[in-house]
Each structure stands twice: as C-alpha cells, then as structure tokens.
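Listed below are the residues making up each chain.
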Amino acid sequence: MKFVLALLAAAISGTSAFTAVNSNGPRARAITQLNERQPIMAGNWKMNPTTEADALNLANGFTNLVNEMKDACATDDVEGCTEVVIFPPFPFISKVKDIVGKSGISVGAQQVYYEDKGAFTGSVAATMVKSVGCEFVLCGHSERRSLFSDSDANINAKVKKVLEF
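The model shown is predicted, which means the values in this text are computed figures rather than measured ones. (Residues numbered from 1 in each chain as written. Predicted model: local features only at pLDDT ≥ 70, side-chain atom pairs only at ≥ 80, totals over all residues. Heavy atoms only, no water.)

A. Spatial organisation of helix H5 (residues 152–163). Here H5 is 12 residues long and its end C-alpha atoms lie 16 Å apart, about the 16 Å a rise of 1.5 Å per residue gives. Three or more residues of H5 are buried, namely Asn-154, Ile-155, Lys-158, Val-159, Lys-161 and Val-162. The arc that holds every buried residue of H5, seen down its axis, measures 160 degrees, which confines them to one face. Opposite the packed face of H5, turned more than 90 degrees from it, sit the exposed residues Asp-152, Ala-153, Lys-160 and Leu-163. (Helix = DSSP H or I, 4+ residues; strand = E, 2+ residues; numbered from the N terminus. Expected span 1.5 Å × (residues − 1). Buried < 20%, exposed > 50% of the residue type's maximum accessible area, 1.4 Å probe, protein only. Arc of directions from axis to C-beta.)

Next comes the structure, spelled out in structure tokens:
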C-alpha cells in the first residue's frame, strides 16, 4: 500500500510542471510534464460535518457521484483516470474509508505530528493514520500555518516523517 504525501501549492513549486517536453511546431499542442501525471481530485472536509451520521451520509452521497464519473479511478490499473482523495476529520476516517474504499476513493489525514509517540496531547502520529488506511497526508496547509503557527521547520519535520512510510 502506498503512503503518499499531499503537498499544497504553497508548499511546492509547480513551475516545472508546465514546462513543454515535446513540441512539433507552432500549431502543435504542447505536451507538458503535467500531462504525464495522473490527475488527482482531492477534497479536504476540514472540520465538517459535525456528526458521524452526517459524515457517513456525505461519504455515501459522494461515492454515488464518483461512481457516475467516467474518468474516476476504480483501481490503480486504469491509465489516465482521475484519482479521487478525501480528507475527512480524524474521528470519521475509519468508517468513511469503509464506505468509499469500495469505489476506489482514497482517504487521507488532514494533519500529522512528526513524533511517533509520546506525551503530545491531541496530536496524531503518521503511524496512526496509516494504520487506519490513510494513503495521503496534508502537510503545509495555509490554515495550519496561520491558525496554529506551523513553521517551515515544523512542516519539514512532518514531511520527513511521512516520507518514512
């Protein structure tokens, strides 16, 4: 199982993604490195919904919508499909994954702490989110930076921890 790091645009430079890698004259459609990547559609639920029942209803409804998409990935074997990832709140991750996983939707964690264990009240370790089936982790989100004062050094430590998996 892959454990992938999802970085936000503010945390990475996307300039090279738009560099043309093949061009056959002025009328040729430029093929970029971005075209060679698998498309991904991700949704961060933030601190919504507020109840487990609402989260499960949302997961069921979203699964139904994704199942209607012709280019969404049902498996990793489909070339050119769009990978779909959601980031529900921590308390709902396991049950939401049980619902959406059958449709090929991946689940990620909205945040992790860079320590594996210890007296860090309210923190969640990368090993914890991986153990409940998360394949992605958000690191460097602007809200974490502004509201919780996540520094570049702190985010770097989180990224390094996630990359261990």
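B. Structural view of the nonpolar core. Ile-86, Val-96, Val-100, Val-129 and Val-137 are the most contacted members of the largest nonpolar core, which totals 25 residues. Elements that contribute at least two residues to this core include exactly helix H1 (52–68), strand S5 (83–87), helix H2 (93–100), strand S6 (106–109), helix H3 (126–131), strand S7 (136–139) and H5. Looking at which element gives the most residues to this core, the answer is H2, with 4 residues. (Core = buried A, V, L, I, M, F, W, Y, C linked by side-chain atoms within 4.5 Å.)

C. Representation of the pairing of S7. Where burial is concerned, the two faces of S7 agree: the one with Phe-136 and Leu-138 and the one with Val-137 and Cys-139 are both buried. Sheet topology note: the S6/S7 ladder contains 2 bridges and is parallel. Looking across to S7, one finds that Gly-108 is bridged to Phe-136. In terms of handedness, the path from S6 via H3 over to S7 forms a crossover that is right-handed. (Pairing = 2+ DSSP bridges. Right-handed = clockwise from strand over helix to strand, strands pointing away.)

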